[in-house]
Amino acid sequence: MTMAGEILRRQSPAEVDVCGGSAQELHVLAVDDSLVDRKVIEKLLKRLSCKVTAVDSGLRALQYLGLDGEKSSVGFDDLKVNLIMTDYSMPGMTGYELLKKIKESSAFRETPVVIMSSERILARINRCLEEGAEEFLAKPVKLSDVERLKNFVMGGGEVCSDRRINKRRLEENNDRDDGHAPSPVSPPCSCDRAACTSSSSDSSSPSIAPSSSKRLKIHHQG
Amino acid sequence: MDVGLMQMQGRLTDYMNSLFKEGILDSQYLELHELQDESNPGFVVEVVSLFLTDSEKLLDDLSRDLTQQNVDFKRAHAQAHKMKGSSCSIGAPRVKNACIVFQNFCQEKNIRGCLRCLQQMKQEFVLVKSKLEALFELEQQVVAAGGSLPKMQPINPSV
């Protein structure tokens, strides 16, 4: 398994150059079964000058990407998706299942996938990050979240934020706890991420038993 | 005319602040307003209207579901999840919280709890609906009088 640091630092300026539209325009595929949420995420992305394709299910997302097994006439050279943002809880196919299919594909496995959810269930978050999700964003998604994402995808953006679940921190906590579920979200990482070590001894953070299905009672910063 | 407009804008601001104070709306509502611009001046009304229509239907569905012989608690939980999600997205925390409590009762398969809580959800929904409609009415008056909508910031009681 590659180091979290490598994944988080992965920058692909080359991809940005060949994306749809101008060199600076990102094409984002948004997946959410909620029409309200689709409208909001679409608006957020358009505000940041992104090209948006919004679909209402994992299946439609796979169809759009040509990953549904159907012979597609769309040439994939024309289909440049720079970022996929998907809701977790969707009927039929969850965001996690969609994530897995995307990561299994050769065409889109390098495309960053972000999972959005109104629920912060640690086991769920872990699973998504381990499967290769770039981020797990708490809903409601804010403009600042998408701004940060855009910067990250285009290379050089600030990755650490108190609203994110930092993959590296979860891994560190995993190592420290020897197989127990990691502690919940740690305080903001203000250090340089390259130097970020597992030195944080957050003994005040409660740990959660792996089998627990209780929701984290994290106060969502408004 | 100007004084009238200013008074209208003042009423609008006061009304917004009261909605924040009562917890009817939260900062997410303001986030939506931030997204509204000339390219889509009806964005907030559009999204809120979607929420209101969807929620009304969901509440009807839930009323029916809970009166079935064998209540499908899983389905009811999923319906409440939808409403929780959309109320969260538009910044209606009291509706969202009622949905969360409802979901807990669903998990416990507590039909009486669910029924009681459904009443609560309906009450909160009706409340936010009427408040938002009044808010839009005030906004329309301001815009019709040639004014612009004032920048809103919630009064934070803890500050």
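Here the structure is a predicted model, which means the values were calculated and not measured.

> So what's going on with the packing of aromatic side chains? Which residues, and what values?
Per the counting criterion, the structure on display carries one aromatic pair over all chains. Here A:Lys43 stacks its cationic end above the ring of B:Phe43, 5.7 Å away from the centre of that ring.

> Pulling in residues and values, what's your account of the pattern of salt bridges?
Close approach of charged atoms lets side chains of opposite charge pair. Evaluated as defined, the whole model comprises 19 salt bridges over all chains. With a shortest N-O distance of 3.6 Å, A:Glu42 and A:Lys46 are connected by a salt bridge. Residue A:Glu42 and its partner A:Lys46 are located together in helix H3 (residues 35–47), separated by four residues, close to a single helical turn. Across the pair A:Arg47 and B:Asp37 runs a salt bridge whose closest N-O atoms are separated by 3.3 Å. Within this pair, whereas A:Arg47 is found in helix H3, its partner B:Asp37 is found in the loop between helix H2 (27–35) and helix H3 (43–65), the two belonging to separate chains. Judged by its relative accessible area of 30%, A:Arg47 falls in the partly exposed class.

> I'd like a description of the side chain of A:Arg124, backed by residues and values.
All names here are of chain A. Mapping Arg-124 onto the fold places it in helix H6 (residues 122–130). Classification of Arg-124 as buried rests on a relative accessible area of 11%. A polar contact is formed between the side chain of Arg-124 and the side chain of Glu-119, at a distance of 3.1 Å. Setting aside its immediate chain neighbours within four residues, Arg-124 contacts Tyr-88, Ser-89, Ser-117, Glu-119 and Phe-136.

> Describe in detail the nonpolar core, supporting the description with residues and values.
Within the largest apolar cluster, 71 residues are counted, with the highest numbers of intra-cluster contacts made by A:Met85, B:Tyr29, B:Phe102, B:Met121, B:Leu132 and B:Leu135. A per-element tally of this core places helix H6 (residues 111–144) of chain B first, with 11 residues. In contact with B:Leu132, other than residues within four places in its own chain, are B:Leu25, B:Tyr29, B:Val48 and B:Ile90. A:Val55, A:Ala61, A:Tyr88 and A:Tyr96 belong to the second largest nonpolar core, which has 25 residues in total.

> Tell me about the interface of chain A and chain B, residues and numbers included.
The interface of chain A with chain B comprises 17 residues on the first partner and 27 residues on the second. Approximately 1800 Å² of surface area, both sides summed, lies buried where chain A meets chain B, with 57% of it carried by carbon and sulfur atoms. Counting the contacts that link chain A with chain B gives four salt bridges. Of the charged contacts, one joins A:Lys43 and B:Asp37 as a salt bridge, the two residues approaching to 3.3 Å between their closest N and O atoms. Summed over the shared surface of chain A and chain B, the result is seven residue pairs in polar contact (both at pLDDT 80 or more). With eight residues, the top contributor of residues to the side of chain A that touches chain B is H3(A). For the side of chain A that touches chain B, the class distribution of residues is six nonpolar, three polar and eight charged.

> Outline the pairing of strand E1 (residues 27–31) of chain A, listing residues and values.
Residue and element names in this part refer to chain A. Buried residues dominate E1, accounting for five of its five residues. What you see with E1 is no split at all: His-27, Leu-29 and Val-31 on one side and Val-28 and Ala-30 on the other are buried throughout. With five bridges connecting them, E1 and strand E2 (residues 51–55) associate as parallel partners. Note that in E2 the partner of Val-28 across the bridge is Val-52. For the crossover from E1 across H3 to E2, the handedness is right-handed. Strand direction decides the pairing type here: E1 and strand E3 (residues 83–87), joined by four bridges, are parallel. Bridging across to E3, Leu-29 finds its partner in Ile-84.

Rules used in this analysis
- Residues numbered from 1 in each chain as written.
- Chains lettered and ligands numbered in written order.
- Predicted model: local features only at pLDDT ≥ 70, side-chain atom pairs only at ≥ 80, totals over all residues.
- Heavy atoms only, no water.
- Phe/Tyr/Trp six-rings, centres within 6.5 Å; stacked < 30°, edge-to-face > 60°.
- Lys NZ or Arg CZ within 6 Å of the ring centre and 35° of its normal.
- Salt bridge = Lys/Arg side-chain N within 4 Å of Asp/Glu carboxyl O.
- Helix = DSSP H or I, 4+ residues; strand = E, 2+ residues; numbered from the N terminus.
- Buried < 20%, exposed > 50% of the residue type's maximum accessible area, 1.4 Å probe, protein only.
- Polar contact = N/O pair within 3.5 Å; in protein donor to acceptor, adjacent residues only side chain to side chain.
- Contact = heavy atoms within 4.5 Å.
- Core = buried A, V, L, I, M, F, W, Y, C linked by side-chain atoms within 4.5 Å.
- Buried area = accessible area lost by both parts, 1.4 Å probe.
- Nonpolar A, V, L, I, M, F, W, Y, C, P; charged D, E, K, R; others polar.
- Pairing = 2+ DSSP bridges.
- Right-handed = clockwise from strand over helix to strand, strands pointing away.

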